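Single-letter residue listing:
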Amino acid sequence: MIILMITTIGTKIPAGQRTTAGINRVFVTLVVLQSCPGTQPSMLNVHLVPHTHDDVGWLKTVDQYYYGDRNDIQHAGVQYILDSVVEQLQKDPARRFIYVETGFFYRWWRQQDQAMRHIVTQLVDEGRLEFINGGWCMSDEAATHYTAVIDQMTLGLRFLNETFGECGRPRVAWHIDPFGHAREHASIFAQMGYDGLFFGRLDYQDKARRMKTKEMEMLWRASDSLTPPMADLFTGVLPNGYNPPDGFCWDQLCNDAPIRDDPQLEDFNVDDIVKRFLNVAHAQSEVYKTTHIIMTMGSDFQYENANLWYKNLDKLIHYVNAKQSNGSKVNLLYSTPSCYLQELHNANTTWPLKTDDFFPYADDAHDFWTGYFTSRPALKRYERLSNSRLQTCNQLEVLGGRRSRKGLFGEGGSDSMREAMAVAQHHDAVSGTEKQHVAFDYAKRLAAGWGPCQVLVSNSLAALSGSDAPRVYCENLNISVCPLTESSPKFTMNVYNPLGHAVMWPVRLPVNGTAYGVFDAKGSPVDSVVSDCLGLDIFSCFSSSVGAGYGLDVPCTIVPLQQWRSLFSDGLSLVSVFLCSPPHSLRYNASAGNNAESRQPSGAYIFRPNSSTPFIISKMIKVDSVKNAVLQEVRQWFGPWVTQVVRLYKDSRQLELEWTVGPVPVGDGLGKEVITRFDTNIRTSGLFYTDSNGREVLERRDYRPTWDLKQTEPIAGNYYPINSRAYIKDKDNQLTVVTDRSQGGSSIADGSLEIMLHRRLLYDDVRGVGEPLSEPGEDGQGGLVARGTLLLALTPPEKAADLHRPLAQSVVRGLPFVLCSHSQDEFSGLHAALPPAVHLLTLSQWDRESVLIRLEHQYQAKESKSFSEPVTVNLQRMCVCTNEGEQPQRQSPSDPSPWDVTLNPMEIRTFLLRVMQH
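Let us look at the structure shown here.

Procedures and definitions
- Residue numbering note: each chain is counted from 1, following its sequence as written.
- Confidence filtering applies because this is a predicted model: local features only for residues at pLDDT of at least 70, side-chain atom pairs given and counted only at 80 or more, and all residues used for totals across whole chains, interfaces and linings.
- The basis for the side-chain values is all heavy atoms of the structure; hydrogens and waters are excluded.
- Here a helix means four or more residues in a row that DSSP labels H or I, a strand means two or more in a row labelled E, and each is numbered from the N terminus.
- Each residue's exposure class comes from its accessible area (1.4 Å probe, protein chains only) as a fraction of the maximum for that residue type: buried when under 20%, exposed when over 50%, partly exposed otherwise.
- By the convention used here, residues are in contact when the closest approach between their heavy atoms is within 4.5 Å.
- Lines fitted to C-alpha atoms define the axes here, with helix axes fitted over just the stretch in contact, and angles between the N-to-C directions of these axes take values from 0 to 180 degrees.
- Relative orientations are named as follows: roughly parallel for angles under 35 degrees, roughly antiparallel for angles over 145 degrees, roughly perpendicular for angles from 65 to 115 degrees, and oblique for any other angle.
- Left-handed describes a crossing whose near helix is turned anticlockwise from the far helix through less than a right angle; right-handed describes the clockwise counterpart.
- Just so you know the grouping, Ala, Val, Leu, Ile, Met, Phe, Trp, Tyr, Cys and Pro go in nonpolar, Asp, Glu, Lys and Arg go in charged, and all remaining residues, Gly too, go in polar.
- Put simply, a salt bridge is a Lys or Arg side-chain nitrogen that is within 4 Å of an Asp or Glu carboxyl oxygen.
- Put simply, buried Ala, Val, Leu, Ile, Met, Phe, Trp, Tyr and Cys residues joined by side-chain atoms within 4.5 Å make one nonpolar core.
- Strands pair, by our definition, only if DSSP identifies at least two bridges between them.
- For a helix, the expected span equals 1.5 Å multiplied by the residue count minus one.

A few words now on the overall build of the chain. Helix and strand counts for the chain stand at 19 helices and 46 strands. When burial is assessed residue by residue, the chain has 62% of its 918 residues classed as buried. Long-range contacts, defined as pairs at least 24 residues apart, comprise 76% of the intrachain contacts of the chain with a sequence gap of at least 6.

Across the interface, helix H5 (residues 146-164) lies against helix H13 (residues 415-424) with an axial gap of 9 Å and an inter-helix angle of 110°. With respect to H13, the axis of H5 lies roughly perpendicular. Of the two possible hands of crossing, H5 and H13 adopt the one that is left-handed. Contact with H5, carried on its side by Ala 148, Gln 152 and Leu 155, involves Arg 418, Glu 419, Met 421 and Ala 422 of H13 and no other residues of that element. By residue class, the composition of the contact of H5 with H13 is four nonpolar, one polar and two charged.

Moving on: the environment of Glu 849. Residue placement: Glu 849 occurs in the loop between strand E42 (838-845) and strand E43 (850-857). Distance in space between the C-alpha atoms of Glu 849 and Val 915 is 5.2 Å, their sequence separation being 66 residues. What Glu 849 contacts, discounting residues up to four positions off in sequence, is Leu 913, Arg 914 and Val 915.

Right, let's talk about the pattern of salt bridges for a bit. Within this structure, the stated rule accounts for 46 salt bridges. With a closest N to O distance of 3.3 Å, Arg 260 and Asp 267 form a salt bridge. By relative accessible area, which is 27% here, Arg 260 ends up partly exposed.

The next subject is the environment of Arg 914. Relative to the helices and strands, Arg 914 is located in strand E46 (residues 908-916). On the basis of relative accessibility, which here comes to 35%, the residue Arg 914 falls in the partly exposed class. Along the primary structure Arg 914 and Asp 847 are separated by 67 residues, whereas in three dimensions their C-alpha atoms are 9.1 Å apart.

Now for the nonpolar core. Val 46, Leu 48, Phe 105, Phe 277, Tyr 303 and Leu 316 are the most contacted members of the largest nonpolar core, which has 154 residues in total. In terms of residues, this core owes the most to one element, H5, which gives eight residues. Once you skip the residues sitting within four places of it in the chain, Phe 277 turns out to touch Val 46, Leu 48, Phe 248, Met 295, Leu 316, Val 320 and Leu 332. Residues Val 398, Leu 840, Leu 843 and Leu 875 belong to the second largest nonpolar core, which totals 21 residues.

Strand order in the open sheet made by the six strands is E26-E25-E31-E38-E37-E34, with antiparallel pairing throughout. Strands with a single pairing partner mark the edges of an open sheet, and in this sheet they are strand E26 (615-616) and strand E34 (720-722).

By way of backbone hydrogen bonds, the strands of a sheet pair with one another, either parallel or antiparallel. The strand order across the open sheet built from five strands is E7-E8-E10-E9-E13, with neighbouring strands paired in mixed fashion. Every other strand in the sheet has two partners, leaving strand E7 (172-175) and strand E13 (353-354) as the edge strands with one partner each. As paired elements, strand E9 (residues 217-221) and E13 share two bridges and run parallel to each other. Each residue of the ladder has a partner; that of Trp 220, found in E13, is Lys 354. Each of E7, strand E8 (196-199), E9 and strand E10 (232-237) is contacted by helix H6 (residues 183-191), which is oriented at about 120° to E10, the strand it contacts most.

Before going further, it helps to examine the side chain of Glu 397. Along the chain, Glu 397 turns up in helix H11 (residues 377-400). Overall, Glu 397 belongs to the buried group, its relative accessible area being 8%. Leave out the neighbours within four places in its chain, and Glu 397 touches Ser 404, Arg 405, Ser 414, Leu 456 and Gln 845.

A cis geometry characterises the amide bond from Pro 228 onward to Pro 229, with omega recorded as 10°. Among the structural elements, Pro 229 can be located in the loop between E9 and E10. Here the residue pair Gly 662 and Pro 663 is connected by a cis peptide bond, since its omega of -10° sits within 30 degrees of zero. Residue position: Pro 663 is located in the loop between strand E30 (655-661) and strand E31 (672-679). Unusually for a residue other than glycine, Asn 348 sits at a positive phi of about 55°. When you line up the elements, Asn 348 lands in the loop between helix H10 (337-347) and E13. Accessibility expressed as a relative area gives 44% for Asn 348, which makes it partly exposed. Although it is not a glycine, Ser 685 sits at a positive phi angle of roughly 55°. Locating Ser 685 in the fold gives a position in the loop between E31 and strand E32 (688-691).

Moving on: the environment of Val 642. Mapping Val 642 onto the fold places it in strand E29 (residues 642-649). Its relative accessible area of 2% is what places Val 642 among the buried residues. The spatial distance from the C-alpha of Val 642 to the C-alpha of Pro 663 is 8.7 Å, given a sequence separation of 21 residues.

Bringing helix H9 (residues 306-322) into the picture now. Compared with the 24 Å implied by 1.5 Å per residue over 17 residues, the 24 Å span of H9 between its first and last C-alpha is a close match. Buried within H9 we find Ala 306, Trp 309, Tyr 310, Asn 312, Leu 313, Leu 316, Ile 317, Val 320 and Asn 321. Packing partners of the buried residues in H9 comprise strand E4 (44-50), helix H2 (78-89), strand E5 (97-99), helix H8 (270-285), strand E11 (292-297) and strand E12 (330-334).

Right, dumping it as structure tokens:
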């Protein structure tokens, strides 16, 4: 391959697009939208935004929603919405409509003929149909990892760009339904070049305060590391969630009276509707700062019969504006969020500054939406595992070239996995807030996506390693099942490292032999394994005896568990906690919603324990320990449905805790929410820390920095999403826990850190899903068994990030491996390891001639003495797929040379490498 050109895309904010003047002042310079309707400077301008909110799965599956199937569950058919809206937009050039879920629109577009495509393209070019947000879905903000968020946004935005060009590019992010809002999402949107963000859900106490102080719109400074205004984003809270004002819903799903404007009719109601609307508009204007306000005219799966909406909106605009001749100062217009944002910019006012996030979210005193941080733990893990598989598939497609897509094992590809992962980011998918049959559908899509990826991986490994041996994939290691390793006395393991750095990582395989020898590709015995970066390592395993039900562990060295204290710092009682009652397995009993304070029960969304004190699962704990040439384990049985294994490998700087929970018993009539809790003597002063979507870490406590919190749920109201890590610290010690999926957690008492592992509940929490969160087990009724891993590290605070940053990336990416019958050649895709601060975020085939590369600085500013500094990478020397070629233009003034790119803490930069394959 020869590099011809490098292009930077979507990573740097163009000069002049945003400037700041003082800490509380921002002027957003937007692209002038010529299609925006005119407004009246001396009047209150009401921007009516026709829209539909189309969940990519929730009560029905994605397919059922698109085709309008299973209307006995919910009346919704997305294809009919788009049909009807396009028809109605053609009838009046003043009408507008916004659409958000690109995954649905992509389906609809593929089914249209050229004549319809021409009509839609004209509507887009004229700004009458505007795409907002632009991702494949509207992603969840608590349970999603930033890697998958960027991928799903890329998938949707690429389709819009290739189909409609610049006119199809969304300028505004639109997260109207997610249940709380992450700072990292805002940072990503800002770095992608979005001009603003609007959302619908805001904590009821926060909203009440903002309405009083006219702070419903603000500047969100979404990074402590990126230099302003790189992560600054104008952010607005919509007045009615994402619904129309009460009494003004004219969809076929609504019951509000239409506008009856025949004066001869007895039920003529124009005057009443105009009066009520003017009252609503004036009331809303009292809580916003400018003479422009926005109203969302639509809701879930509305506009299937768009004529109903547009006919009444046309009348509303006409009759309200007609009052201007009698002195009214209210002006109605069809608009879009982009046009509204342009008018706010023109107002040239100041905005309050926001620097934290919008978690946790509550819509009433005892109704905290913090349960979904953990809901459906197996699906959350499968989504994270699928993300790892997709990144491996993407990388090997590049490294293996064309032979990876069509090779010895057939035709493979990553498209179906990419789309399945994009759908899984939806705010009712990985969040765990969907109906059970929809959760099954999400998992089925991910499984189906792995099939073509598996073929691609096999083809690529065959091309790169020089072996045509069939590959075997162990799909059921979570239940310790792998037929090949359990039945073969000899096999070869191919371990692929998708990271840009060398790593040490244990691989566990179920076997039937009692003794095995492990050898590398050169025939040397292996007792610890360090894998090359972006490369394939080969290990041969030979059994010297036969047995049943054993596990083969690589690496294979040991440090006694008692020495764990000396590996870190003295003076903590954490080791004794592990040996005497390692870490506490506890449960909260879920509220059934039948107490005097509130009728709110725990459910898929809501976490509401019936007591602030968790219950010990069992006072009688069976303990066993294992010592061998590989590792030392302490195994604990808390009962038939909770076990855990504390595991330590030689030279490891972290302790592994494998937990197994389920089926959670509910025969006593109580739902249960199972936690693990780590109690230490670290002096935390009420503070703890959690990550935001796997990137920057935020300080947490039972406090809200932007309003005076009245805490009514001391447990649920202090839970936060943990996407990849959480920690507690004092000046001497930091305990960091790295998770293998998104979970909820908190620090309720000083020195304590708890993480929720599993939930099984008996009541619906009345937020729309309509069924309790009680997942069936393998037999379809006994209850789900979930298994996972937590990694614990105890370090001085100033050295903690040097460990937990690369460790979290290793957990997210994993080290996928395949098995075959004999040895092959090894390879590495990089000339050398990347600098420790640099993470290879994306390496994927963009088209036949281009490769997409994203590099990120994975450290926050000031968190590491060694790595929180700018770092420079040479793109040409980075990858073995690059040779001398045409010199690119310099990408940024900060770059030392055309091939050298500089990354500042938390910065992401994206490049297209155009290559020629021979």
